[in-house]
Amino acid sequence: MSANNALHIAVLGGDGIGPEVMAPALEVLRRIEATTDLKFRFTEAPAGANHYRETGKSMPESTIRLCDEADAILLGACGLPSVRYPDNTEIAPQIELRVHFDLYAGVRPARLIPGVPSPIVGADARGIDLIVIRESTEGLFASMGKGVVTDSEARETLVITRKTSERLFEFSFRLAERRKARGKPGQLSCVDKANVFKAFAFFRGIFDEAAKNHPGVKADHMYIDACSALLVKRPWDFDVLVTENMFGDILSDLAAGLIGGMGMAPSADIGDRHAVFQPCHGTAPDIMGQGKANPTGMILSTAMMLDWLADKHGIEGAAEAGERIERAVDKVYADGIKPMEFGGRNGTADIAKAVIAAL
């Protein structure tokens, strides 16, 4: 933190609806600032497909320096279907930031908020409150930009290292312990395909080693296919899941679908020193500029940011502020707000106004 104790937040609005959902999230934080002892300093910087189209780079060096110096990073959705690298892959600063700052723990909460429809029968009564932790720097994504393609075949290489896996599992067990202290089950499931691939057997073995150091957490294993089936049958049986990058990419979107959709889903990519907070949804260029975007995922990402800052800096008030944001979101949905994402009539401004009023 800076000398005046203001938390310095790097703000990367991104593309499409990214800036549209970022604006109300910052309004929420300003409301927190006005009603607590917390102080924020926001610095905006470019990143994404629009910047690439203008300059040939997804982010300037000044953005990377800003992210390095800031206490935390807020990131809007990035990328546009019509803007691609020469190899036809999308512009993805979010992935580049994970690699650059070694943000190995992708935290994807899935909590069903009162009043939000779930496609799962019984979820409204049983509840859904789980977290997918996705390793975010290696796995199959380690091959990004490095795959080999010939006329007859294409190959990508999955990478799992002991160093990253040990840190990932330590992070995951500690998170499960923190949840247990807050009344959650305190269960951590390693999701893999260890019955087929040596790399996942290696992954599982490191998980089992870590489990011995955390006897207070109930540790178990699941194969990715069985886990996917059970998530859509009995999601209330899950607490925390930890898995490889590609598996986590898929499971986290599945989990978002269980709680109403991508607009409801926050996320964080966390390393030893830095962390990025962003909604799980994409840039949705089809609704850009129409005021239809659901800002809830971005607002809940700010709550995750405050909880992380509280843990990192020991700021008790930050954790409480994050909980206030979550309670405010719960209240507005319980009171009947219905985003256009669910076929309702409430757009970006309606949702933002209601959350700020509930604070």
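Residues numbered from 1 in each chain as written. Predicted model: local features only at pLDDT ≥ 70, side-chain atom pairs only at ≥ 80, totals over all residues. Heavy atoms only, no water.

S.K.: Would you explain the packing of aromatic side chains in this entry?
M.R.: The geometry of an aromatic ring pair comes down to the distance between the two centres and the angle between the two planes. Under the criterion given, the structure shown has 9 aromatic pairs. Between Phe-200 and Phe-203, the aromatic rings sit 6.4 Å apart at their centres with planes inclined by 90 degrees, giving edge-to-face as the arrangement. Of this pair, Phe-200 and Phe-203 both sit in helix 7 (residues 198–211), 3 residues apart, which is roughly one turn of that helix. Overall, Phe-200 belongs to the buried group, its relative accessible area being 3%. Note on Phe-203: relative accessible area 2%, which makes it buried. A connected cluster of aromatic rings, assembled from ring pairs, spans Phe-169, Phe-173, Phe-197, Phe-200, Phe-203, Phe-207 and Phe-247. Sitting over the face of the ring of Phe-141, Arg-134 holds its NZ or CZ atom 5.0 Å from the ring centroid. (Phe/Tyr/Trp six-rings, centres within 6.5 Å; stacked < 30°, edge-to-face > 60°. Helix = DSSP H or I, 4+ residues; strand = E, 2+ residues; numbered from the N terminus. Buried < 20%, exposed > 50% of the residue type's maximum accessible area, 1.4 Å probe, protein only. Lys NZ or Arg CZ within 6 Å of the ring centre and 35° of its normal.)

S.K.: Could you clarify how one ought to interpret the sheet that holds strand 3 (residues 72–75) in this entry?
M.R.: Hydrogen bonds between backbone groups are what pair the strands of a sheet, and the pairing can be parallel or antiparallel. Pairing in this open sheet of 10 strands is mixed, and the strands run 2-1-3-12-11-4-5-10-8-9 from one edge to the other. Edge positions in the sheet fall to strand 2 (40–45) and strand 9 (218–223), since each has one partner strand and no second. Neighbour-to-neighbour, the strand axes of the sheet open up by a mean angle of 25 degrees, direction not taken into account. As paired elements, strand 8 (residues 187–192) and strand 10 (residues 240–243) share 4 bridges and run parallel to each other. (Pairing = 2+ DSSP bridges. Axes fitted to C-alpha atoms, helices over the stretch in contact; angles between N-to-C directions.)

S.K.: When you look at unusual backbone geometry in this model, what are you seeing that I'm missing?
M.R.: Most peptide bonds take the trans form, and the phi angle of most residues other than glycine is negative. One non-glycine residue with positive phi stands out, namely Asp-102, at about 55 degrees. By relative accessible area, Asp-102 is classed as partly exposed at 27%. Positive phi outside glycine occurs at Ala-284, with the angle close to 45 degrees. As for its placement among the helices and strands, Ala-284 is situated in the loop between strand 12 (275–279) and helix 10 (296–313).

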